[in-house]
Amino acid sequence: MKLGRKKVQLSDAALGTRSPLRFAKRVNYTHAEGAAVESSESDQINGQSSSDSPEFSNRTSGSSENWMVLSIGGEKPQPRFNHAAAVVGKKMVVVGGESADGLLEDVQVLNFDRFCWTKASSKLYLSPTSLPLRIPACKGHALVPWGKKVLLIGGKSEPASERVPIWAFDVETECWSLVEAKGDIPIARSGHTVVRANSILILFGGEDAKRRKLNDLHMFDLKSLTWLPLHCTGSRPSARSNHIAALYNDKLLFVFGGSSKSKTLNDLYSLDFEAMVWTRIKARGYHPSPRAGCCGALCGTKWYITGGASKKSYPAETLVFDVLKLNWSIAVSSPPSSITTNKGFSLAHVQHNERNFLLAFGGTKKDPSNQVEVLTIEKVESSMIRRSTLSKVVGSLLSENTASSTRQFHASHIGHLNTSSQQNLSSAIERGDSGRKSLSESLCADPNSSSGNISLRRQFYNEENTDIAAKSSAEDKNSFQSYEEKLATLIKKNEVLEGQLVSAIAAREAAEKNLSTALRSREEMEKKLVDALKEIDLLKENIAGLEVAQEEANNVSNIVHNDNVRLEHDVAFLKAVLDDTQKELHSTRGVIAGERARAFQLQVEVFHLKQRLQSLGSREPTPKKQFHD
């Protein structure tokens, strides 16, 4: 792997232990919302397992070419989503996630030898300061295999952290340890992606604690335990979270989907680590719908993508992106009951008994799930190749003209098509493109086919040369006339089928018009929804203003209440003073009344004295006597 012009040598050291050299073919993939990450064949399941080990096929139910439910023993984990999973040896490790009761901190292990769930003890570990600590509950984190350990990077945890933490879980000892990182450590985030190229981790995007979307790029060296920011040119992806990423051949990083601040995305970008240039890739073939919370797994040159959601829409198809041809196609379509139509589940690439599988676990649509489903990659790829080849053969068969060579070709093989194949052909033409797939499958299942390993076109050409030689000999005119009659019958049937095909194409065009109308209506509804959301935001602002005014009114009311209480105390005090004053006034009035009575008595005595003086004055003068009051 190269970063710019500076070549970085990567090795498979597992926290200090050097592993063998890099393989010629690598399998690298990551996840978002809990999809598994696997980086080298040393991390994959050893194909030389014992013959008595259980098989995936013996524990599944459903179509062998689609997602099948896997029967697992042991105590099932608590239903969850937004967790993370990774494969180490013959075990799949599941860490954390979110349940109906909140965030989880447990570690669940699925053993492929016994196909049984076990709960890891998650022993206490000693930090560098020798203090016993425990891993926090988390969701939206990334889990990367590294030797006999798995690395937990970032995520939304309780309690929260300011920077991206890195934890290491030893699968054998079941102990956690904290990696003491240094350098320019990224801010804490969740819903990001992490890929590994030997001893280098590449982190992109996510959402920080303030729910801001990010599109920064960082690398972490597992040897020096140092974080470094990466700066690239070109058209880089917009800020997003809950996307997926994959690293091909340690040179190309692919980023798909996710959610931005205002919408769900379906764009695809690649980053060339040799030139350090971002490029947006134009979709070819099938156009995937926008989705966030999906999962991806890179197997060889095929990137399998499934799950996710967009505005209550849950895509049912499992997509395949060819990283060399840059072409999209549909692998399978899952039933609504499959967990691969959920979001927030985990996806792991598993090699078991020299076969490749995709393993899905958990997720949520309405309620969290703890179901396990498996998809056999070899069967899916062979089915896709068979459908593609036979569709081309049937397409060329239906598009050939009615020239004499074509008539001889059809006449020579009319005897080889049985009645069921002709009925499948008629029904296939009536159904349009979907019918072509049914026709391909019916041709493969033809019991009259003499050699299934020889292509249909080569078989047709060989028999055509034989028939031409037989007609050139002109030894049997009756058989020639019989071929002519059969040819006329086939031409009539072909004309009928062509008419049905034209009708089917017209119906398909009408359906596409209806679909475009529905899409326009959907866009209008989305615009109305955006306007309604803006109105809701405005109403929320008004409500916030009213709440502030209410709070101020409550404060004024409290102040008035306190003043009223103080005034009541003052009134009560004044009433007490008034009562005392009234009592003193009443007492004073009694004293005044007594003094008035005494004054009145004195006036009476004065009056009597005046009378006595008058009576004495009218008498003869007598010697004056001293008057004593």
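Residues numbered from 1 in each chain as written. Predicted model: local features only at pLDDT ≥ 70, side-chain atom pairs only at ≥ 80, totals over all residues. Heavy atoms only, no water.

**Quick look at the overall build of the protein**
Each helix and strand counted, the protein has six helices and 34 strands in total. The buried share of the protein, reckoned over its 629 residues, is 40%. Contacts in the protein between residues far apart in sequence, at least 24 positions, make up 59% of those at least 6 positions apart. Just so you have it, the protein exposes about 35400 Å², and 53% of that area is on carbon and sulfur atoms. (Helix = DSSP H or I, 4+ residues; strand = E, 2+ residues; numbered from the N terminus. Buried < 20%, exposed > 50% of the residue type's maximum accessible area, 1.4 Å probe, protein only. Contact = heavy atoms within 4.5 Å. Areas by Shrake-Rupley, 256 points an atom, 1.4 Å probe, with all protein chains shown as cover.)

**Re the pairing of strand β7 (residues 91-99)**
β7 sits mainly inside the fold: eight of its nine residues count as buried. Relative to β7, strand β6 (residues 84-88) runs antiparallel, the two being bridged by five bridges. Looking across to β7, one finds that Val 88 is bridged to Lys 91. Linkage of β6 to β7, two consecutive antiparallel strands, is achieved through a turn of two residues, within which Gly 89 is found at a positive phi near 60 degrees. Hairpin connection between β7 and strand β8 (residues 102-111): a loop of two residues separates the two successive antiparallel strands. (Pairing = 2+ DSSP bridges.)

**Notes on the nonpolar core**
Membership of the largest hydrophobic core comes to 18 residues, with the highest contact counts inside it found for Met 92, Trp 117 and Leu 359. Taken together, the elements giving at least two residues each to this core come down to β4 (68-70), β6, β7, β32 (346-352), β33 (355-361) and β34 (372-376). Here this core takes three residues from β33, the largest share from any one element. (Core = buried A, V, L, I, M, F, W, Y, C linked by side-chain atoms within 4.5 Å.)

**Things to note about the sheet that holds strand β20 (residues 200-207)**
Across the sheet, which stays open at both edges, the five strands sit in the order β18-β22-β21-β20-β19 with mixed pairing between neighbours. Where the open sheet ends on each side, the last strands, each with one partner, are β18 (182-183) and β19 (193-197). As judged from the five bridges shared by β19 and β20, these two strands associate in the antiparallel manner. Residue Thr 193 lies in a different strand from β20, and its bridge partner there is Phe 204.

**Focus: the packing of aromatic side chains**
Enumeration over the complete set of coordinates arrives at nine aromatic pairs. With 5.1 Å between their ring centres and 50 degrees between their planes, Trp 117 and Phe 361 make a pair best called tilted. One end of the pair, Trp 117, is in strand β9 (residues 116-119); the other, Phe 361, is in strand β33, and 244 residues separate them in sequence. With respect to class, Trp 117 is no different from Phe 361; both count as buried. Taking 5.0 Å as the distance between ring centres and 45 degrees as the angle between the ring planes, the aromatic pair formed by Phe 220 and Trp 227 counts as tilted. (Phe/Tyr/Trp six-rings, centres within 6.5 Å; stacked < 30°, edge-to-face > 60°.)

**Let's talk about unusual backbone geometry**
With an omega dihedral of 0 degrees, the bond running from Glu 158 to Pro 159 counts as a cis peptide bond. The backbone phi angle of Leu 225 is positive, close to 55 degrees, even though this residue is not glycine. Its location among the elements puts Leu 225 in the loop between β21 (213-221) and β22 (226-229). Accessibility expressed as a relative area gives 25% for Leu 225, which makes it partly exposed. Look at Asn 242: it is not a glycine, yet its phi comes out positive at around 55 degrees. When you line up the elements, Asn 242 lands in the loop between β23 (233-234) and β24 (244-248).

**What to know about the sheet that holds strand β16 (residues 166-170)**
Strand order in the open sheet formed by four strands is β13-β14-β16-β17, and the pairing between neighbours is antiparallel. Strand pairing shows two members of the sheet lacking a second neighbour, β13 (142-146) and β17 (175-178), which therefore form its edges. The average angle at which neighbouring strand axes cross in this sheet is 25 degrees, direction not considered. (Axes fitted to C-alpha atoms, helices over the stretch in contact; angles between N-to-C directions.)

**Side note on the side chain of Asp 322**
Of note, Asp 322 is situated in strand β30 (residues 317-322). Given a relative accessible area of 10%, Asp 322 falls into the buried group. Reaching out from Asp 322, the side chain makes a polar contact with the backbone nitrogen of Lys 325 at a distance of 3.1 Å. (Polar contact = N/O pair within 3.5 Å; in protein donor to acceptor, adjacent residues only side chain to side chain.)

**Concerning the pattern of salt bridges**
One pass over the full model with this rule turns up 16 salt bridges. With its nearest N and O atoms 2.7 Å apart, the salt bridge here joins Arg 189 to Asp 216. Here the residue Arg 189 occupies a position in the loop between β18 and β19, and Asp 216 occupies one in strand β21, the gap between them amounting to 27 residues. A relative accessible area of 24% places Asp 216 in the partly exposed class. Among the ionic pairs, Lys 311 bridges to Glu 526, the shortest N-O distance being 3.7 Å. (Salt bridge = Lys/Arg side-chain N within 4 Å of Asp/Glu carboxyl O.)

**Structural notes on the environment of Trp 328**
Within the fold, Trp 328 resides in strand β31 (residues 327-333). Owing to a relative accessible area of 3%, Trp 328 belongs among the buried residues under this scheme. In contact with Trp 328, not counting residues within four places along its chain, are Phe 256, Leu 268, Ala 283, Arg 284, Gly 285, Tyr 286, Pro 288, Ile 305, Leu 319, Val 320 and Phe 321.

**Regarding the pairing of β8**
Extensive coverage of β8 is indicated by the burial of seven of its 10 residues. Pairing analysis gives eight bridges linking β7 to β8, with the strands arranged antiparallel. Across the sheet, the residue bridging to Lys 91 is Asn 111, located in β8. Here four bridges tie β8 to β9, and the two strands are oriented antiparallel to one another. Counterpart to Leu 110 in the pairing with β9 is Trp 117.

**Observations regarding the confidence of the model for the protein**
On average, residues of the protein score 78 in pLDDT, and 71% of them are at 70 or above. Confidence over residues 4-53 falls short of pLDDT 50; this stretch has 164 contacts with residues more than four positions distant or in other chains. The low-confidence segment residues 404-464, where pLDDT is below 50, has 74 contacts with residues more than four positions distant or belonging to other chains. (pLDDT = per-residue confidence, 0-100.)

**Here's the deal with a nonpolar patch on the surface**
On the surface, a cluster of nonpolar side chains totalling about 250 Å² of accessible area is made up of Leu 529, Leu 533 and Ile 536. Its location among the elements puts Ile 536 in helix α6 (residues 477-618). Take Ile 536: its relative accessible area is 39%, and that puts it in the partly exposed class. (Patch = residues over 30% accessible without salt bridge, like charges linked within 9 Å, V, L, I, M, F, W, Y side chains within 5 Å.)

**Quick word on the environment of Phe 256**
Mapping Phe 256 onto the fold places it in strand β25 (residues 252-259). Among the residues examined, Phe 256 registers a relative accessible area of 0% and is labelled buried. Sequence spacing of Phe 256 and His 243 is 13 residues, and the spatial spacing of their C-alpha atoms is 6.0 Å.

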